[in-house]
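# Close look at the chain arrangement
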Amino acid sequence: MDSPPVILQVEGIFLTFGGVMALNGVSLAVRHGEIFSIIGPNGAGKTSLLNCINGLYRPQRGRILFNGQDITRLPAHRRARMGIARTFQKTELFKNMTVLDNVRLGRHIHMKTNLLDALIYWGRAEWEELAHRAFIEEEILDLLEIGHLRHRVVGMLPYGLQKRVDLARALALEPRLLLLDEPMAGLNLEEVEDMARFILEINENPRWGVTCVLVEHDMGVVMDLSHRVAVLNFGNKIAEGPPEEIQNNPVVIQAYLGEEAAYATRR
Ligand SMILES: Nc1ncnc2c1ncn2[C@@H]1O[C@H](COP(=O)(O)OP(=O)(O)O)[C@@H](O)[C@H]1O
Ligand SMILES: [Mg+2]
């Protein structure tokens, strides 16, 4: 069977901050439909890599291709419009706004009507607004089971639900590629199970069919969800393969999983 085409190609990315080498020639290829995980110790360069992919950071060397198109020099909003969405390690939400308004901001770039149009064809603008709102309310909030919270102020919600709103905001873009930066961090066991279920649904349900790049420390989640896993250590990719292979790779165990296992026994 032929493998699905590559959606994201990262070619030899170098990124330094002063003397710190955050990414040291990292390459990888993610295929349509995959959940591709990136693991590694704190400071390994995982968030920096996501930032290079969505355009928050500009690597000093290397290329990034999205569906074959070179996006290395495109600003973040152009990449978002092409279908690259992102959640954040420490959610980036407007804490004093409602769930619905946060999600609508994620959707905003899909609104075609500009201000002039809105003045001339008020009816169309109004209709679009309603249609978008219906789309957001019905599909995304329902999917993530937060419809009943739509008018709640985000900052007042428990952290686990804020992470879900952050995911809703990213989904409002109807992305083709979703970058998830530690979606399980700070969640309790039940919330982790819910979040894993949502990520699987977004990936597997053809209505969404979103390819995911997942940065995550929870190894149970990584092993359960991922089609392939890459391991970063001090800005270098030290391994890549199917989850069961990564779990048994001695280099990975020494660099990372050993440390996690030691951490697990200390808890
Ligand atoms: N904006 C920044 N300014 C300076 N150094 C940074 C910045 N972002 C990341 N770094 C450095 O790059 C390295 C990788 O960080 P990061 O990508 O956040 O790692 P991870 O997400 O794997 O924990 C670290 O040494 C970090 O201090
Ligand atoms: Mg990080």
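Residues numbered from 1 in each chain as written. Chains lettered and ligands numbered in written order. Predicted model: local features only at pLDDT ≥ 70, side-chain atom pairs only at ≥ 80, totals over all residues. Heavy atoms only, no water.

The name that an unreviewed UniProt entry assigns to the protein is Lipopolysaccharide export system ATP-binding protein LptB, with the source organism given as Candidatus Thermoflexus japonica.

In total, this model carries 13 salt bridges according to the counting rule given. Between E34 and R228 there is a salt bridge, and its shortest N-O distance comes to 2.7 Å. Pair noted here: E34 is in the loop between β2 (20-31) and β3 (35-39) and R228 is in strand β9 (residues 228-233), with a separation of 194 residues, a long-range link. For the pair E34 and R228, a shared accessibility class is recorded, and that class is buried. (Salt bridge = Lys/Arg side-chain N within 4 Å of Asp/Glu carboxyl O. Helix = DSSP H or I, 4+ residues; strand = E, 2+ residues; numbered from the N terminus. Buried < 20%, exposed > 50% of the residue type's maximum accessible area, 1.4 Å probe, protein only.)

On to the packing of helix α6 (residues 159-171) against helix α7 (residues 189-204), then. Axes are the key here: two packed helices are described by the angle between their axes and the distance separating the axes. In contact at an axis separation of 10 Å, α6 and α7 are set at 10° when each is read in the N-to-C sense. One way to sum up the angle between α6 and α7 is to call them roughly parallel. Of the residues in α7, those touching α6 at G160, K163, R164, L167 and L171 are E191, D194, M195, F198 and I202. Across the contact of α6 with α7, the residue classes break down as 5 nonpolar, 1 polar and 4 charged. (Axes fitted to C-alpha atoms, helices over the stretch in contact; angles between N-to-C directions. Parallel < 35°, antiparallel > 145°, perpendicular 65-115°, else oblique. Contact = heavy atoms within 4.5 Å. Nonpolar A, V, L, I, M, F, W, Y, C, P; charged D, E, K, R; others polar.)

Moving on to the nonpolar core. Ranked by size, the top nonpolar core spans 41 residues in total, and within it V99, L144 and I146 carry the most contacts. Put simply, the parts of the chain that give this core at least two residues each are α3 (99-107), α5 (122-143), α6, β7 (177-181), α7, β8 (211-215) and α8 (219-225). Per-domain counts for this core show at least three residues from each of domain 1 (1-83 + 175-267) and domain 2 (97-174). Membership of the second largest hydrophobic core comes to 28 residues, among which are L15, L177, V215 and A230. (Core = buried A, V, L, I, M, F, W, Y, C linked by side-chain atoms within 4.5 Å. Domains from an automatic or database assignment.)

Surrounding ligand 1, one finds F17, V20, A22, P41, N42, G43, A44, G45, K46, T47, S48 and Y57. Residue G43 places a main-chain N or O atom 2.7 Å away from an oxygen atom belonging to ligand 1. Contact between ligand 1 and K46: an oxygen atom at 2.8 Å from a side-chain N or O atom of the residue. About the coverage of ligand 1: the protein hides 63% of its 560 Å² of free accessible area. At the level of elements, β2 and α1 (46-54) are the ones that each hand at least two residues to the shell around ligand 1. Residues of the shell around ligand 1, tallied by class, amount to 6 nonpolar, 5 polar and 1 charged. (Near = heavy atom within 4 Å. Polar contact = N/O pair within 3.5 Å; in protein donor to acceptor, adjacent residues only side chain to side chain. Areas by Shrake-Rupley, 256 points an atom, 1.4 Å probe, with all protein chains shown as cover.)

Once that is clear, we can look at the sheet that holds strand β5 (residues 69-70). Pairing within the open sheet is antiparallel, and its 4 strands lie in the order β2-β1-β4-β5. The outermost strands of the open sheet, each flanked by one partner alone, are β2 and β5. As paired strands, strand β4 (residues 61-66) and β5 are joined by 2 bridges and run antiparallel to one another. Paired with F66 across the two strands is Q69, which belongs to β5. The sheet strands contacting α1 are β1 (6-17), β2 and β4, and the helix crosses β1 at an angle near 120°. (Pairing = 2+ DSSP bridges.)

In the Ramachandran plot, E174 falls in the positive-phi region, its phi being about 50° despite a non-glycine side chain. Along the chain, E174 falls in the loop between α6 and β7. According to the relative accessible area criterion, E174 is partly exposed, its value standing at 29%. In this model, E182 sits at a positive phi of 50°, which is unusual for a non-glycine residue.

Right, let's talk about the side chain of N51 for a bit. Inspection of the secondary structure puts N51 in helix α1. For N51, a relative accessible area of 6% corresponds to the buried category. If sequence neighbours within four positions are ignored, N51 has contacts with L56, Y57 and R86.

Taken together, T47 (OG1) and Q89 (OE1) make up the full set of protein donors to the magnesium ion (ligand 2), lying 2.0 to 2.4 Å away. Placement of the pair is T47 in helix α1 and Q89 in the loop between β6 (84-87) and α3, with a sequence separation of 42 residues. Residue T47 is classed as partly exposed on the basis of its relative accessible area of 26%. Assessed through its relative accessible area of 27%, Q89 is described here as partly exposed. (Donors = N, O, S within 2.8 Å, 3.2 Å for Na, K, Ca; no water.)

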